[in-house]
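# Examination of the molecular architecture
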Amino acid sequence: MSARTRSALAVFAIGSLALTAACSKGNAGAPPAGAGPSATASATSLTDLFAPPKVTIGTAQDSAGPAVAPEGVVKGGTVNMIDRDDYPHLDPGRVYDNVTANFHLMITRGLTGYKRVGKGDYKVVGDLATDAGQVSDGGKTWTFTLKDGVKWQDGSPITSADVKWSMERLFAPFITEGPPYIQQWLTQDDFKKAYGGPYGGKELDAVETPDDKTVVFHFTSPHADANYALAMTGYGIVPKAKDTKEKYDKEPFSSGPYIIAKHVVDKSMDLERNPNWDPATDPIRGAYPDKWHLEFGYQSLQVTDRLVADTGDDKKTFSFYSHVAAERTQQVVENPDLQSRLLKQPSPYGDYYYFNLDRVKDIKVRQAINYAWPTKQIMQISGGPASSVINTTILNPSVSGWLDYDVFGMKQHPEGDIAKAKELLAQSGNPTPTIVYGYNDTPTEERITVAIKNQLAKAGIKVVAKPMNTKTWYDATGKVDNGLDMYWSGWGADWPTAATVFPVIFGAVRDGGYNQSHLKDPAITAEIKRIEGLADAAEANKAWGELDKKIMETVTPLVPALNNVGLQLHGSLVGGAEIDPVSWVVSPNTIFVKSS
């Protein structure tokens, strides 16, 4: 990914705009129950449906704790969470997906974070820091002061040395999965070549600690959005004294409101209160339950049926990301007794079926697959129009810069245009190609894969389907030599603009990177760099939208997937449940257990 060269003016201009979800990949703005948008939703309805949350920069006063409590909050008790997968990484430096980042809110703190001040209303505030940062030198220097009383789980103080160490360790060879922004801004685009991490005794001079409470970042160019970047879990703080390198991924040390009391990998996890977390220092996390019991291994149908039944301990149960199973969608949205426990939130992500351009080199084949794609069938399998709308773009409609277009006529022919696909294949170098398609090994994805296989066969394309482990999905598809021709992935802007989409998903091609299509096009790379340098935010947004369309027309590196509308249930004694519009998972920050 290219380091940003946008001016401070441009970034501050977008600072109060919509924020979509950070990282790659499940109420307000969603259609009413049983009245989902049609498969040919207009640009206006898409814009309304995917209306983004408001995000502004908070003050020092906003950065003081405690967090804003939800209505009717009750403290104490044990809440249960059930989901499909355990978390692949407990080391914050190795986290770059929304679900794991959401979990880390309970054990990891950073310099900044997102404070919920109301539904759909957020502020970037100081988390461990006293404010969202002080910028100088035209945006090249950022200074943060740590709050009094912030401690690790053993009661030792969190110091500026811990912050510096946490940034330096991200350069180490064993950390490949996290975000690249701060590292690049401190050094260069290929930051791993600039510095090898602190374990050999060498420090990074670009991060200074004049005293135990002060941290100063010196970037090579202006970056007025550093406080957004530092809010990402990947920049969460790790204690220098407790850093065990690779082993830290299994035994993290908490700075948040909870500690991991017990963890049976892939089965369960129990959290208990961190006695050294002080809510007076934390404007973000409510931490209302005394304990959390998390269980893994449940498919969406199991989760849905348990939460519909709402019996016994399941009344105190919810899911971070399991959506209402496709088989139960109509039953749930049409049942008036479930509406008070049904959460609805459109996805802020772009979802894609990527082509591996190293293997699927003929653009005619890629375009043919786009024309033949069984969009309508996939929508029906996924739960129908109540849970998704047809998407034809790379950017999500909630991202600044989104341009509505439909290069391959998916809205006009949602069932697929086989005749057009055959026409393009006849013009290609291989009119009967074979595609190795990797998919998440879940019941719904199995059915979707069958639909894709049968549909593409009509055009003369053979699909070899390869089921893959859901927990290690990103690690497997993130390898350059992954052995696949097509595979799903998703991406959400890391903060308010397409400038955190295209430079990442079409950036450097490397193991653990996020250029899943392996696109290497000098003209597109040059255009990305040009747009990043634009000082006018409106001009840049227009250019991102035009680039979106150009990439699909001239390269076609992917098939756009559906824009999903998340539908989730929770138990009747779970309070404060809300799908976070930023992360698109249920945030732990407002959850509480009702007394009755």
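Residues numbered from 1 in each chain as written. Predicted model: local features only at pLDDT ≥ 70, side-chain atom pairs only at ≥ 80, totals over all residues. Heavy atoms only, no water.

With an unreviewed UniProt entry as reference, the protein chain is termed ABC transporter, source organism Sphaerisporangium melleum.

The secondary structure content of the protein chain amounts to 17 helices and 22 strands. In terms of overall size, the protein chain behaves like a compact globule, its C-alpha atoms giving a radius of gyration of 23 Å where 596 residues would be expected to give roughly 25 Å. With respect to the principal axes defined by its C-alpha atoms, the protein chain has extents near 70 × 55 × 40 Å. Across the 596 residues of the protein chain, 61% fall into the buried class. For the protein chain, the exposed area adds up to about 21200 Å²; of that, 51% sits on carbon and sulfur atoms. Charge separation in the protein chain, taken as the distance between the mean sites of 60 positive and 69 negative side-chain charges, equals 2 Å. (Helix = DSSP H or I, 4+ residues; strand = E, 2+ residues; numbered from the N terminus. Rg over C-alpha atoms; globule rule 2.2 N^0.38 Å. Buried < 20%, exposed > 50% of the residue type's maximum accessible area, 1.4 Å probe, protein only. Areas by Shrake-Rupley, 256 points an atom, 1.4 Å probe, with all protein chains shown as cover. Lys, Arg positive; Asp, Glu negative; His and termini not counted. Charge placed at Lys NZ, Arg CZ, Asp CG, Glu CD.)

This brings us to the packing of aromatic side chains. Under the counting rule described, the total for this entry stands at 27 aromatic pairs. When the ring of W165 is compared with that of Y199, the centres are 5.4 Å apart and the planes differ by 85°; the resulting orientation is edge-to-face. Here the residue W165 occupies a position in helix α4 (residues 160–168), and Y199 occupies one in the loop between α6 (191–194) and β7 (207–211), the gap between them amounting to 34 residues. Exposure remark for Y199: the relative accessible area of 27% places this residue in the partly exposed category. Ring plane angle 90° and centroid distance 5.2 Å describe the contact between F318 and F320, whose orientation is recorded as edge-to-face. (Phe/Tyr/Trp six-rings, centres within 6.5 Å; stacked < 30°, edge-to-face > 60°.)

Reading across from one edge, β13-β20-β15 is the order of the 3 strands in this open sheet, with antiparallel pairing throughout. Among the strands making up the open sheet, the edge pair consists of β13 (342–346) and β15 (388–389). Note: β13 against strand β20 (residues 563–569), 5 bridges, orientation antiparallel. Paired with K344 across the bridge in β20 is L567. (Pairing = 2+ DSSP bridges.)

Once that is clear, we can look at helix α10 (residues 363–372). With respect to burial, α10 is a largely interior element, 8 of its 10 residues being buried. All buried positions along α10 are accounted for by V365, R366, Q367, A368, I369, N370, Y371 and A372.

In this structure, E168 sits in helix α4. Side-chain polar atoms of E168 contact the side chain of K164, separated by 2.9 Å. Ignoring any residue separated from it by four or fewer positions in sequence, one finds E168 in contact with Y195, G197, P198, E203 and L204. (Polar contact = N/O pair within 3.5 Å; in protein donor to acceptor, adjacent residues only side chain to side chain. Contact = heavy atoms within 4.5 Å.)

In this model, the largest cavity occupies a volume close to 600 Å³. Taken together, 40 residues form the lining of the largest cavity, with A101, L105, Y114, A231 and D580 sitting closest to its centre. Listed by contribution, the elements that provide at least two residues to the lining of the largest cavity are α3 (98–104) and β3 (112–118). Split into classes, the residues belonging to the lining of the largest cavity amount to 18 nonpolar, 15 polar and 7 charged. (1 Å grid on protein atoms, 1.4 Å probe; cavity = no way out; pocket = protein on both sides within 12 Å on 5 of 7 lines; lining within 4 Å. Points joined across faces, edges and corners; volume = space filled by probe spheres on them. Nonpolar A, V, L, I, M, F, W, Y, C, P; charged D, E, K, R; others polar.)

Right, let's get into the sheet that holds strand β16 (residues 434–440). The 5 strands lie next to each other as β17-β16-β18-β14-β19, forming an open sheet whose pairing is mixed. Every interior strand has two partners, whereas the edge strands, β17 (462–468) and β19 (558–560), have only one. Within this sheet the neighbouring strands show an average axis-to-axis angle of 30°, counted without direction. Inspection of the sheet shows β16 paired to strand β18 (residues 486–491) by 2 bridges, in the parallel sense. The residue of β18 that forms the bridge with Y437 is M486. Sitting on the sheet, helix α13 (residues 443–458) touches β14 (350–355), β16 and β17, and the angle it makes with β16 is about 165°. (Axes fitted to C-alpha atoms, helices over the stretch in contact; angles between N-to-C directions.)

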